[in-house]
Structure formats: structure tokens, C-alpha cells
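Single-letter residue listing:
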Amino acid sequence: MRSPYVIALNPLAAALLAAFGSACAQAQTPPQTLGEVTVQSSAQQDGYSPAASTTATKGSAPLRDVPQAVNVVPGQLLRDQGARSMEDALRNVPGVAMSHGDGQRDQVVIRGFTAIADQFVDGVRDDALYFRDLADIERIEVLKGPAAVLYGRGSSGGLINRVTKKPHWNRSGGEATLSLGSHDLRRASADMNLVVNDNAALRLNAAIEDSGSYRDQQFVKRHHLAPSLALKLATDTQLLLQYTHAADKRLTDFGIPALNGRPVNVPAGTYYGSSNAAQDDTTASSNQAFTATLSHRFNDAWSVRNITRWYDYELDRYNTLPGGTTDPATRTVGRTRSFILRDESGLFNQTDLTWRNQLGGLRQEWLMGMELGQQKKRSESVSGGADRVPLFSPQGRPAPIIPAANYNADSAIPSHTTQDTAALYWQNQITLAPQWKALVGARYDVFDQDTRFERKLATLARTDKKFSPRAGLVWQPSEAVSYYVSYSKSFQPSAESFALSSSNTDNAPEITENKEIGVKLDLLDGQLNLTGALFNLERSNIKNTDPSNPARQINVGVQRTNGLELTLNGRLPGRWDVSAGYAFLDGRMVKSLARVTSTQLPTQSVAVQGKVPALTPRNSAFLWAMKDLGNGLRVGGGLQHVGARFTSVSNLVTLPAYTTLDAALQYTLGAWGLDVNLRNLTNRKYYVSSHGSHDNLILPGSPRALQVTLRRQF
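**What to know about the confidence of the model for the chain**
Move 1: The predicted model of the chain averages 92 in pLDDT, with 94% of residues at 70 or higher.
Move 2: Every residue in residues 1-45 scores below 50 in pLDDT, and together they form 70 contacts with partners more than four places removed in sequence or on other chains.

Put into C-alpha cells, the structure is as follows:
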């Protein structure tokens, strides 16, 4: 594994940096005179209430015109809360719950459905399994419900799109930050923008972190480098070049086990892995990507955009976890040992043609697009070491040894998977009348999967061809009110983002449908936005083990969530910035042949049908507010409430409900700024997540923690 601490400028990075320098040198003498262009940060423009989203329609559509729930986490809110991770950011989205992602990746559950592969960056798929840094993120947008019409496979409960910071034309300058805090937090970052001239602008976002944790033996060592270059090639033609290099190394933390239906009562830092975790239980990932976006406006009616994104990703994960059974009599838990190595690369190309017109007296905006992509993924996994440790004092034990025979097992044979995507899609936003708008669209995907093995096993392959529709109607009786109704559909191919296996290669895709009605209100002259959505989300054709042939899976399962989501974002009188949300989720496994086995001795077999999906609290809510006191001083804080959740679909282990309180203070004096964030003010003991498919892998939440950030603008 290449070191995650030293950035090696490979040929692509060197070529890109050379191109930046060459382009800037050529731009010193502008080939033409352009009108003034001013681009402001969305965080500066919108505060807590962004007016538009790029994710919902692949254009800058006003949120009030989108007939679907869209949650935007703006940059100002991320700063106010001192957010450093996707987990921190997504606390601000109703209906989203956290999974610990095997201690190696960002993973969430949206509206009761896991979203392991539903990550995007600037509208392009980013489904590699790693922890994402926020150093170059302008805002995060979460599109709820199926979104295959624009983004293809996946997205049962929704998808997450990170919108990156890009060069702007208004001024040169930037900001440097230094963060220190509890649990040996040490992090530095920089955001620099350089306007070379009227035709070229550079931006560089960088961060480095070397921190500890409230979890015993845990550490985080990471860096993130993201240069970008914007060029005006002609009056109506722009080119954006972006490069990202990110590396992350940390302890692979699967958390703690359960006892008698609850997390075992041990201190929050208790670690059940190797006594030498820094050697035996680490995850190291490296990710780099290059993106080129070419945009051209032919006239007021026609424009085109092409995005090409290449990425390369590596992961080395080694872990010891309490994944065996819990024995209440002997008060011990079984541990298992394994490792997984991943190498993958991918290339995506998207072309979007936009046509604005008046047809039949109706104002319309057509989006016609094509996506081509290929991902190549190698995976090698070996497991099998096992032992037992005391439930209440697991520390000081070396990792169990994986038997030599396990390295030659069929499950240990490295696989090579190729996934090819070819899709055509269209969308039309129609103004039917001054008060009525419609959004309709469809996409046709051809998705090929091919998995071959390095020895012994036969090659597996399948091709899925799927049609994904979307339709919505918006009624706006006034400029402040929008009512909507919508329908959307998506598909999840067998194996989706992983290697095919003999048990699932013949399975048809799982199908998700979402029916939704909602309202969006602009209050206080648009300074405050209130939204509400009622939805019925159902995933059918879910794979279950065939009772007559355990080596085969069949498409018979159905999972459903009925729910309500409410959000409030914006500015209240008295200079209060506020962000609040509430979600009610009624999730159920409506139909299933599956059975799961409990992890507590004596074990029992549990029928899945009728159970609540994992990590799906019936009630959850959050509130965050900041008060501007003037003279550069802002104070505030918030609360987070998460209802009781089940650790897995067995429904045998419950994570108790919890409420945490946070506080914040900011002071700005000229170019200097000081941010102070205090999390879990009351030092509440709680459990933030679990694995989602196992009852014994539970992650405790952080005790009280202080974070202080010093800022300097230049």
C-alpha cells in the first residue's frame, strides 16, 4: 500500500500541474475582452437557506420548482458546526441515519434503505469505499427517493451529492485554518483563490490531519489536496479542470458487542480488537481523481456540457472485530480476523444538452443526456481467525491468527470485476401556466457486469437493461407557496457495486418506487424556507435465499417505508440563523423468506418478514441556531435527537434513543477569526451507529469534546 502521508506526484498529477502553469502563462495576454463575471460562494449568498439545487435537475433549478424532497447542507452551516466529516454534515438531513461502514467508509441509511453506493461528486458517481474529507466541499445536497432518471442504478432512499469549491472571478485571496481540540485533534487547512486575469482563475484547497480519538488506540492520519483551474476559452465557452488526491489511514473500528438486547455497558473507548491495533487493525485508503468539465452556450436557447471524470482508488483493510457470538453465561464474545484489499479505477463521461424554448405556448427546458462509464475492480479477501475474549475487559489480547488453509479457500480467490454503463436520458421542465409546472423524464440504462477469478472459479456475467421514469407536478398559488406530487423509480442490479457470485448472478434487479406529496413555503420574504414531504417508498424483488436451495438467491422480498419529513432553514428576525428538521419513518420488511441467526447464545433463527429495517428510528429531529450579536460575535448551538433503532433486521438488539446538545461561539476581528465548538455538552452516553446487518458491531458516540479553530483570511 502506498503511504497515505506523502503525496507522490505521479505522471497524471505532474501533467496536470504543468497544464495549470502553461494555461495560466498563455492567459496572461487575453485573446479577447470579456464582460465582467462575478461568482459568489453559495454559502455567502444563501446562508442557511440556499434557493437552488444542482442535484435535483442537473441544472440550477429553484428548490420551489422541484417536485421532490431535496435537502441542502450549505457551507456556512458546515463551518458553524465545525463539521469535519460526512457523518458530521449529514446530521443536518432528516431521514438519514449513520452506519459505521465497516470502519472504512462513509455509509448512511436514507429513509430506511442503505446507501452504500449512492455517493456522487458534482453529479458524477463516486462509489469507492472511503472516508471523504470536506476540505474542498462547498455544500452537500441530498436528493430523496429514487433518482435513476438522471443518475442510473441505486438510490432507493436517495443519493448524496457533494458540490465542490471551484475557482471564482471576484477576487484573489483565501483563508487558512488551524483546529485543535479534545482527543488530540490536530488539523490544518487552506483555501486559496487566484484570479490570474479575465480568462483564468486558480483555486487550491488542502488539508492535513493527525488526530487521536475517544476510541482506544484510534488515530486518524489524512491529507487532502484539490487544485482546480477555470478557463474562459471564448465568450461562451468555459473549461474547468480539477484534480484531487486524498489519503486516509486509521484504526479499523467495528465497535463493541451487545448483551441481553442492548450494547454492552463498557466505557465509550473500549476496543475489542488487537492489543497492537496500529500494526494489526488499520485501514489505509488512497484516492485520486481528475475531472474536466467543458461548457458552451450556443445562444439563449441551446447549451451543452461535457464532464469527464477518471479516478483511481486503493484500500488495504485489516481488522479484528467482536463478530462472533456473545455468551451471557461465561461473559465472553467471539472475535474474528480478516483482511480485504481493493484496487479499482473508473472513467465516466456525461454529455448534457439543454434546450430552452416556447412550444405550444408553454415555456420548456429540455435536458437530453448520455452517460458512458467503465469501472474495473479487483478484490481480495481472507478471513477465518477466531478466539474469545472477556466481554468487560477485552484489552491486551493479540489478534487471532488466520489459518493457512483459509488463504486457499474459494472465498479467498481474488476477483476482477468490470462494470460498463451506457445510458440515454431526457428531462423536461414545463411551465403549464403561471401557477402550474411539471417535471417529466426517463432514462434507459444498459449495465454490464463481468466477474472473473484468478483461479479455479468460472467467470460470471450478466447484463441488465432498465427503463427509469420520473414525473412530478407543482402548483404555486402564490410566489411563497409550492405544492407538489411526484413519482420516481430506480433499480439496483445484482451485486450492484461488488463482484458477482454464483448465488446472485442470475438475479434480476431490485426495483424501488417512490410516491410523494409535499409543500415548500418561502416565509419572511424568502429569508426562511419550510418544507414538508409525505412519501411511500417501496423496494421489491429483493433477493432472498431460496429455501429449497441455500446456494441460490431468488427475487421475492419487499421492503417499505412510509414517512414524513419536515425542514426549516433560513434567518429569523433578530439575526438568528436556524436549521431544523424532523423525520417520522415507518419502515417494515413487508415480504421476505429470509431468516437471520441471533448472535447471543443460545442462538435462535429469526424470520425477517414483519421486522423493522436496521438503523431506522421511528422519530428523529435536529435543531441548530446561531445568533449574530454584532461586533463580530456570533453564538449558538443545537440539539440532536435520534429515536431507538435496531442494530439489524433481527430486531433483537436495540440502540437506545438519545438527545445530545452542542454549543458554538465565533468571533471575528478584521482578518482573524476564532471558532469554538463544544459537542455533547452534557456528556451523554449514546450509540451513534452499528453495522446494520450484525447485532454485535455497535459504535459508541463521542463524549464531550472541544474544538477550537483559528482562521486567518488573506
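**Section: the nonpolar core**
Move 1: L90, V108, I110, L134, I140, V142 and I160 are the most contacted members of the largest nonpolar core, which has 22 residues in total.
Move 2: When contributions to this core are tallied by element, the ones reaching two or more residues are α3 (75-81), α4 (86-90), β4 (96-99), β5 (107-110), β9 (137-144) and β33 (619-630).
Move 3: In contact with I160, not counting residues within four places along its chain, are M86, L90, V108, I110, D118, Q119, F120, I140, E141 and V142.
Move 4: In this structure, A97, A258, L259 and Y687 belong to the second largest nonpolar core, which totals 17 residues.

**Brief notes about the side chain of K232**
Move 1: In this fold, K232 is placed in strand β14 (residues 220-234).
Move 2: Buried within the structure, K232 lacks any salt-bridge partner; D198 is the closest side chain of opposite charge, at an N-O distance of 6.2 Å.

**Let's talk about the sheet that holds strand β3 (residues 70-74)**
Move 1: One open sheet holds the 5 strands; their spatial order is β3-β9-β10-β7-β8, and the pairing between them is mixed. The strands lining the two open edges of the sheet, one partner per strand, are β3 and β8 (124-125).
Move 2: Sheet topology note: the β3/β9 ladder contains 5 bridges and is antiparallel. Within β9, the residue paired with V73 across the bridge is I140.

**Overview of the packing of aromatic side chains**
Move 1: Counting across every chain of the model gives 9 aromatic pairs.
Move 2: Their ring planes at 35° and their centres at 5.9 Å tell us that W366 and W426 sit as a pair that is tilted. Residue W366 is found in strand β22 (residues 362-390), and its partner W426 is found in strand β23 (residues 415-433); the two are separated by 60 residues along the sequence.
Move 3: With a relative accessible area of 22%, W366 lands in the partly exposed category.
Move 4: Taken together, the ring pairs in this structure connect Y318, F339 and Y407 into an aromatic cluster.
Move 5: In this structure, K232 packs its charged tip against the face of W169, placed 4.0 Å from the ring centre.

**Describing the pattern of salt bridges**
Move 1: Inspection of every chain in the model, using the stated rule, returns 50 salt bridges.
Move 2: The salt bridge involving D191 is made with K165; its shortest N-O contact spans 3.5 Å. Of this pair, D191 sits in strand β12 (residues 185-197) while K165 sits in the loop between β10 (158-164) and β11 (173-181); the two residues are 26 residues apart in sequence, bridging distant segments of the chain.
Move 3: Overall, the relative accessible area of 19% leaves K165 in the buried class.
Move 4: If you follow the salt bridges from partner to partner, you end up with D133, R187, E209, R222, D248 and R250 in one network.

**Observations concerning the side chain of N529**
Move 1: With respect to the helices, strands and loops of the structure, N529 is situated in strand β28 (residues 528-546).
Move 2: A distance of 2.7 Å separates the side chain of N529 from the side chain of D522, its partner in a polar contact.
Move 3: Those residues in contact with N529 that lie beyond four places of it in its chain are S49, P50, L521, D522, T567, L568 and N569.

What counts as what
- Residues numbered from 1 in each chain as written.
- Predicted model: local features only at pLDDT ≥ 70, side-chain atom pairs only at ≥ 80, totals over all residues.
- Heavy atoms only, no water.
- pLDDT = per-residue confidence, 0-100.
- Contact = heavy atoms within 4.5 Å.
- Core = buried A, V, L, I, M, F, W, Y, C linked by side-chain atoms within 4.5 Å.
- Buried < 20%, exposed > 50% of the residue type's maximum accessible area, 1.4 Å probe, protein only.
- Helix = DSSP H or I, 4+ residues; strand = E, 2+ residues; numbered from the N terminus.
- Lys, Arg positive; Asp, Glu negative; His and termini not counted.
- Salt bridge = Lys/Arg side-chain N within 4 Å of Asp/Glu carboxyl O.
- Pairing = 2+ DSSP bridges.
- Phe/Tyr/Trp six-rings, centres within 6.5 Å; stacked < 30°, edge-to-face > 60°.
- Lys NZ or Arg CZ within 6 Å of the ring centre and 35° of its normal.
- Polar contact = N/O pair within 3.5 Å; in protein donor to acceptor, adjacent residues only side chain to side chain.

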